[in-house]
Amino acid sequence: MNKREFLRTTAGASLTVLLGERLFARYSGVPADRLAQDETFWSAIRAKYRLKADYVNLESGYYSMQATPVLEAFVAKVREINYQASYYLRTTQVPDKAAVRDRLAGLAGCAPGELCITRNTTESIATVVNGYDWKRDDEAVMAEQDYGHMLAQFRLMARRYGIVNRLVNVPNDPKSDDEIVRLYAAAITPRTRLLMVSHMINVTGQILPVQKIADMAHARGVDVLVDGAHAFAHFDFRIPDLHVDYYAASLHKWLGCPLGTGILHVRRDKIPGLWPIYGDWRMTDDTDIMKLNHTGTHPVHTDLAIADAIAFHESIGIQRKEARLRYLQQYWSNKARALPNVIFNTPADPARTCAIANVGVKGVPPNDLAKILLDKYRIWVNAVDSDSAGVHGVRVTPHVFIRPAELDRLVTALREIAGA
Ligand SMILES: Cc1ncc(COP(=O)(O)O)c(C=O)c1O
């Protein structure tokens, strides 16, 4: 393989490479739901991660570590680009990055001309929110349960331009999709221009019916921006099937990319209407999404390693990954739901969740609960204590490398802490 190919391609991971010929032959035809419970298969995947022995990591929602083959490929790219230096940047950087963007577009199911690589969801959402020519009294709709810093971007527009933000309150355990669609519909007025919705609520793991919300909003002439930070490469969907205008996600969460990688999808007909944050010569061609993506000199090796993460992700397969993640969440939460004094902030319906769930214990503040779990039981989770979101508990996020036995430790801990 020459240097150019090395930087553009990965080690060629496939399930065969990951598991070896014999194991692959055994598993290739097994349905995802059955495979989700096969610990021999998932032990082989677990072996591809370097895990700290000090605690069980149930906090992959913030950052899901790179698998070792991805990390090694990333580090090799750091070395190679340092070696080639400006020669690389001036010769093949742009086409190499475009090739990665094309692969990402394939994964997202959208046209390459509708997607760009960003640093993270924050930058993607800022690109859209700052791209509007907001006028005083324009309105935007979002939810109390959206990520705080994304809400802050709209608050900034309120300060700067005088827009009005209307916040809905999503219940933690809705009875139907219609219940949620009606909430968002009720917040729309003739002045509403943009609706932001989380594909998966970060503090509870609830999956929202984005396509139904988008169809409702479009019928009222409102654009739809999705915060997909936790959804992309977590469960199976294609962006165009959601019928939305803008989709933002981080790739260092569920795709297992190096830190500092994200995507922004903008539907083709929406590109001309957005102002870029940075000046860029492509502004002369208003229909090119790259006008929104001026990065200056940046760590391109990080972006190139996205291809390695995609290869690893595809070698497992999104259906298998989704089934395993949902299985792990249901494995512990079904047991914990039966315990007295334990409160769930996540829907019971498996179709409304995947890996993430949020649990509290009556009378135990979330920060104390997280501390006890770490100090006494060596379980690493994230405390959520939010009156505005109506969520008081700890967020539990297993990744594919977590074993059911480790989740049993969590259930035992909850039982003891709750005094059940
Ligand atoms: C729902 C949601 N949106 C946005 C973000 C911000 O993501 P990032 O820090 O990768 O930009 C997060 C981070 O956890 C999130 O959970």
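So, how was this worked out
Residues numbered from 1 in each chain as written. Predicted model: local features only at pLDDT ≥ 70, side-chain atom pairs only at ≥ 80, totals over all residues. Heavy atoms only, no water. Pairing = 2+ DSSP bridges. Helix = DSSP H or I, 4+ residues; strand = E, 2+ residues; numbered from the N terminus. Axes fitted to C-alpha atoms, helices over the stretch in contact; angles between N-to-C directions. Contact = heavy atoms within 4.5 Å. Near = heavy atom within 4 Å. Polar contact = N/O pair within 3.5 Å; in protein donor to acceptor, adjacent residues only side chain to side chain. Areas by Shrake-Rupley, 256 points an atom, 1.4 Å probe, with all protein chains shown as cover. Nonpolar A, V, L, I, M, F, W, Y, C, P; charged D, E, K, R; others polar.

(A) Structural context of the sheet that holds strand β9 (residues 342-344). The strand order β9-β10-β13-β12 describes an open sheet built from 4 strands, whose pairing is antiparallel. With partners counted over all chains shown, the strands left at the sheet margins are β9 and β12 (382-386), one partner each. Pairs of neighbouring strands in the sheet enclose a mean axial angle of 35°, with direction left out of account. Inspection of the sheet shows β12 paired to strand β13 (residues 391-396) by 5 bridges, in the antiparallel sense. In the sheet register, Ser386 faces β13, and the bridge partner there is Val391. Lying on the sheet, helix α15 (residues 366-375) is in contact with β10 (357-361), β12 and β13; it crosses β13 at an angle near 25°.

(B) Summary view of unusual backbone geometry. Of note, Ala233 is a non-glycine position whose phi angle comes to about 70°, a positive value. Following the sequence through the fold, Ala233 ends up in the loop between β6 (223-227) and β7 (246-250). With a phi close to 70°, Asn341 is a non-glycine residue in the positive phi region. As for its position among the elements, Asn341 is in the loop between α14 (318-337) and β9.

(C) How the structure looks around the site of the ligand. All residues adjacent to the ligand are Asn120, Thr121, Thr122, Tyr147, Met150, Asn202, Asp227, Ala229, His230, Ser250, His252 and Lys253. In this structure, Thr122 approaches the ligand through a side-chain N or O atom, which is 2.5 Å from an oxygen atom. For the ligand, an oxygen atom lies 2.7 Å from a polar atom in the side chain of Ser250. Alone, the ligand offers 390 Å² of accessible surface; in the complex the protein occludes 90% of this. Broken down by class, the residue content of the shell around the ligand amounts to 3 nonpolar, 7 polar and 2 charged.

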